[in-house]
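The lines below spell out each chain.
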Amino acid sequence: MLTKSLAGTLSAVDAYDSEQLMLTRRGPRGDVDVKRWLRSLPDEESLAFIMACLAFKGHYGQEMRAFDLANSCIRRPAHALAILRLGLVNPDAGSIKYWLAFAIAKLGGKKVLREVHALLESDPTTADKALYWLPRLLPESDSNAWKLLRAIHQEAKERGAIREPIMSSDAEGKVLFSPIYGSTPPADESH
């Protein structure tokens, strides 16, 4: 909750310190006051604060908290695209899905897929990571995005950008890792 002395300084970007915010536990109202403050800022200042929160390297909950702030406060597509591009620079194989989910919600599947397609040439490893998660994130109703996903997946496969799944078994013969839907998009044209 805001203190009275802090409430008077809401016009300055440093009214909240992004690192301190990410390290502080919040009460049952969560970040309602922070979101209100971010929405009151000019879009560029709000983006700068959220980018600082997203760049903070903490644990899973902190990253999810930063995305919650971004989902609530980022209004301009160009800013959502800037956040996506930040997330596509050397992404973690697991957390890239949160960056993609945010961008799909703000920009739509086709714009996100175009960004991933652009990575095939310059950063095929990141494209592979994104293609792994995209089938789980794209809305089933977006048939154009699904067609584009299939085309990008096929091109990535032809370029050798998609790594083959590594499977192993335990002593009882149970599969420890198996390819998920992301490694082979459906051939079904119903999407």
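Small disclaimer: the values here were computed from a predicted structure and weren't measured.

Engineer: Residues and numbers for the environment of Asn-90, please.
Structural biologist: Relative to the helices and strands, Asn-90 resides in the loop between α6 (77-87) and α7 (96-107). Using a relative accessible area of 72% as the deciding quantity, one classes Asn-90 as exposed. Once the C-alpha coordinates of Asn-90 and Asp-123 are considered, the two residues, 33 residues apart in sequence, prove to be 9.0 Å apart.

Engineer: Go over helix α8 (residues 109-122), please, and point to the residues and values.
Structural biologist: Its 14 residues give α8 an end-to-end C-alpha distance of 21 Å, which sits within 8% of 20 Å, the value for a rise of 1.5 Å per residue. Among the residues of α8, those classed as buried are Gly-109, Val-112, Leu-113, Glu-115, Val-116, Leu-119 and Leu-120. Down the axis of α8, the sector holding all buried residues measures 165°, keeping them to one side. In α8, the exposed positions angled more than 90 degrees off the buried face are occupied by Glu-121 and Ser-122. Residues of α8 that are buried in the fold lie against α6, α7, α9 (124-137) and α10 (143-159).

Engineer: Which residues make up the packing of aromatic side chains, and what values go with them?
Structural biologist: Enumeration according to the criterion identifies four aromatic pairs in this entry. Between the aromatic rings of Phe-67 and Trp-99, the centroid separation amounts to 4.9 Å while the plane-to-plane angle is 85°, which identifies the pairing as edge-to-face. With a gap of 32 residues between them, Phe-67 in helix α5 (residues 60-73) and Trp-99 in helix α7 connect regions that are remote in the sequence. The burial state of Phe-67 is the same as that of Trp-99; both residues are buried. Seen in terms of ring centroids, Phe-67 and Phe-102 are 6.1 Å apart; in terms of plane orientation they differ by 45°. Their pairing is tilted. Taken as a pair, Phe-67 in helix α5 and Phe-102 in helix α7 lie far apart in primary sequence, 35 residues in all. Phe-67 sits in the buried class, given a relative accessible area of 3%. Three or more aromatic residues joined by ring pairs make a cluster, and in this case those are Phe-67, Trp-99 and Phe-102.

Engineer: Describe α9, listing the residues and the values that go with them.
Structural biologist: The end-to-end C-alpha distance of α9 is 20 Å, a good match for the 20 Å that 14 residues give at a rise of 1.5 Å each. Within the span of α9, buried status applies to Thr-126, Ala-127, Asp-128, Lys-129, Ala-130, Leu-131, Trp-133, Leu-134 and Pro-135. Looking at the buried positions of α9, the neighbouring elements they touch are α7, α8 and α10.

Parameters and conventions
Residues numbered from 1 in each chain as written. Predicted model: local features only at pLDDT ≥ 70, side-chain atom pairs only at ≥ 80, totals over all residues. Heavy atoms only, no water. Helix = DSSP H or I, 4+ residues; strand = E, 2+ residues; numbered from the N terminus. Buried < 20%, exposed > 50% of the residue type's maximum accessible area, 1.4 Å probe, protein only. Expected span 1.5 Å × (residues − 1). Arc of directions from axis to C-beta. Contact = heavy atoms within 4.5 Å. Phe/Tyr/Trp six-rings, centres within 6.5 Å; stacked < 30°, edge-to-face > 60°.

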